[in-house]
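# Report on the structure
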Amino acid sequence: MKILIVDDQQLVLLSLEKLLSGLGYEVISTDNIIDAIAKYDIEKPNLVIVDINMSNLSNAESTNENGSGLEVVKYIKQIKKGNTPIMVLSGNTDEEVIIKGFDLGIDDYMKKPVSLSEISARVKRLIGSTIEKIPSEKPNSKERYIQNKCIGVVIPCYNEETRLSSAEFKSFVHKNLGYHLCFVNDGSKDNTLAVLYELTKGKEEYISVYDCEKNGGKAEAVRLGMLHLAKQNQFDYIGFLDADLSTNFDDFQDLADTIYNSKYKLVFGSRISRMGADITKQSARAIISKTINYIIRKILGMEINDTQCGAKIMTKEIIEKTFNEKFITKWVFDVEIFMRMKKIYGSAKTQELILEKPLNRWIHMDGSKLSFKDSIKIIGQIGQIALHYR
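Summarised in this report is the structure supplied together with it.

### Considering the overall build of the chain
If you tally the helices and strands in the chain, you get 14 helices and 16 strands. Out of the 390 residues belonging to the chain, those deemed buried represent 53%. Here the contacts in the chain between residues at least 6 apart in sequence split such that 76% fall between residues at least 24 apart. Accessible area of the chain: about 17900 Å², with a carbon and sulfur share of 48%.

So, in structure tokens, the structure goes:
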């Protein structure tokens, strides 16, 4: 039995292709509306799974449903008068859009995030199977989710051979099928690059390596990684995270959920000590951090408590406008992002576009590349920023 999948995000297509092929179905997939209509006519599938929030690539009458996925539904159900079951798999929660979909003739609607186990159950309910016995689901299939957005995460690495938690990274992308981790090797002198390539094995679509032969510092590693991912159309948001996972994936996903459900263009973690949060810093670093943060607030003219937390997520617009030029500092490039935003949007508008979100957990990890001496040098780098962006 044939299933046609229509989605403009490769991570979603890949996950559905693997799931449904493993269940014994023949899968045809496409990432655009024009090709979807053509393949429907040629392949005559038994089921169509389509996303709503896709780029409008056809000349058909535009819709008000925040995308053009319903054009496929309209073509099959109304123009062709077909009775092929259609399942919508989308992150769109607009009630009017959902009702519009059912009015056009869809047979099922699944809101992302959704587990692979639920998808397979609904597919079997709609069309059954032509084979005697469909292979059973793996025990952990209920824990594997297709997210409502696709997110790229840059992870800069310099001499991280002994600190990389390979199992934790692999477990995360195994369960969260809307994420892609891009490790940027910043000219490491140890065996980091080999460890990273080993990490990608079997997960090449979800984990990649961007290799910088020469060490350029964290700022340049993050900048190059962000620009690299921004070239790919499938990502809705792109962020960066420290390789030691001092900020863990749970908190990063909270940042992602926040930016997705809001008007903000940049959401960043804050290591503010508060009741119920597990924030652990070395005492000396805590004193220096408070001093640095005070100076930064005065230079920025914005009440940001923690610009330097290594967990941030943003839209492609922010990347395109603030990451094209090299940063002038090695460690406090985060401050430069805000300064560049102020220059582009103005101070008042910038504060409307950013959100500082307190973390639930942050642990100082041994082996930090930022020494006590470097922390003192940061004050000088902040002075450079003040002069450069005044």
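### Some details on the pattern of salt bridges
For the structure on display, the rule yields 20 salt bridges. Measuring nitrogen to oxygen at the nearest pair gives 2.8 Å for the salt bridge that ties arginine 122 to glutamate 118. One end of the pair is arginine 122 and the other is glutamate 118, both in helix α5 (residues 116-127) and 4 residues apart, which spans about a single turn. Under the relative-accessibility criterion, arginine 122 is labelled partly exposed at 25%.

### Brief notes about the packing of aromatic side chains
According to the stated counting rule, one finds 9 aromatic pairs in the structure shown. Considering the side-chain rings of phenylalanine 172 and phenylalanine 249, the 3.9 Å spacing of their centres and the 10° angle between planes classify their relative orientation as stacked. Linking phenylalanine 172 in helix α6 (residues 166-175) with phenylalanine 249 in helix α9 (residues 249-260), this pair joins segments that are 77 residues apart in sequence. With respect to class, phenylalanine 172 is no different from phenylalanine 249; both count as buried. Consider the rings of phenylalanine 327 and phenylalanine 333, whose centres lie 5.5 Å apart with planes at 45°: the pair is tilted. Judged on exposure class, the residue phenylalanine 327 and its partner phenylalanine 333 are both buried. Each member of the aromatic cluster is reached from another via a ring pair, and the members are Phe169, Phe172, Tyr179, Phe183 and Phe249.

### Topic: the side chain of arginine 271
Note that arginine 271 resides in the loop between β12 (266-270) and β13 (278-280). In this structure arginine 271 comes out as buried when scored by relative accessible area, which is 15%. Within the structure, the side chain of arginine 271 is placed 2.7 Å from the side chain of aspartate 306, a separation counted as a polar contact.

### A look at the sheet that holds β12
Spatially, 7 strands are ordered β10-β9-β8-β11-β14-β12-β15 in an open sheet, and the strand pairing comes out mixed. Of all the strands in the sheet, the pair left with one neighbour each is β10 (207-212) and β15 (354-358). Recorded for the sheet is a direction-independent mean angle of 20° between the axes of neighbouring strands. In terms of strand pairing, strand β8 (residues 151-157) meets strand β9 (residues 179-186) through 7 bridges, oriented parallel. Considered in β9, the bridge of cysteine 157 is made with asparagine 185. Helix α8 (residues 218-230) contacts β8, β9, β10, β11 (237-240) and β14 (312-314) of the sheet and is inclined by roughly 155° relative to β8. Docked against the sheet, α9 engages β8, β9, β11, β12, β14 and β15, running at close to 25° with respect to β14.

### Brief notes about the pairing of strand β3 (residues 47-50)
Of the two faces of β3, both are covered, the one formed by Leu47 and Ile49 as well as the one formed by Val48 and Val50. The pairing of strand β1 (residues 2-6) with β3 spans 4 bridges and is parallel. Each residue of the ladder has a partner; that of leucine 4, found in β3, is valine 48. As paired strands, β3 and strand β4 (residues 86-90) are joined by 3 bridges and run parallel to one another. Of the residues in β4, the one forming a bridge with isoleucine 49 is methionine 87.

### Overview of the sheet that holds strand β5 (residues 108-111)
Strand order in the open sheet formed by 5 strands is β2-β1-β3-β4-β5, with parallel pairing between adjacent strands. Of all the strands in the sheet, just β2 (26-30) and β5 have a single pairing partner and so form its edges. In this sheet, adjacent strand axes meet at a mean angle of 20° when their direction is disregarded. Each of β1, β2, β3 and β4 is contacted by helix α1 (residues 10-22), which is oriented at about 170° to β2, the strand it contacts most. Across the face of the sheet, helix α3 (residues 70-79) comes into contact with β3 and β4 while running at roughly 155° to β3.

### Remarks on the nonpolar core
Ile119, Val123 and Phe183 are the most contacted members of the largest nonpolar core, which has 97 residues in total. Beyond its immediate sequence surroundings of up to four residues, valine 123 is in contact with Ile3, Leu20, Tyr25, Leu47, Ile49, Met87 and Gly128. Listed in part, the 22 residues of the second largest apolar core include Tyr75, Val88, Leu104 and Ile106.

Calculation criteria
- Residues numbered from 1 in each chain as written.
- Predicted model: local features only at pLDDT ≥ 70, side-chain atom pairs only at ≥ 80, totals over all residues.
- Heavy atoms only, no water.
- Helix = DSSP H or I, 4+ residues; strand = E, 2+ residues; numbered from the N terminus.
- Buried < 20%, exposed > 50% of the residue type's maximum accessible area, 1.4 Å probe, protein only.
- Contact = heavy atoms within 4.5 Å.
- Areas by Shrake-Rupley, 256 points an atom, 1.4 Å probe, with all protein chains shown as cover.
- Salt bridge = Lys/Arg side-chain N within 4 Å of Asp/Glu carboxyl O.
- Phe/Tyr/Trp six-rings, centres within 6.5 Å; stacked < 30°, edge-to-face > 60°.
- Polar contact = N/O pair within 3.5 Å; in protein donor to acceptor, adjacent residues only side chain to side chain.
- Pairing = 2+ DSSP bridges.
- Axes fitted to C-alpha atoms, helices over the stretch in contact; angles between N-to-C directions.
- Core = buried A, V, L, I, M, F, W, Y, C linked by side-chain atoms within 4.5 Å.

Keep in mind these values describe shape, not function.
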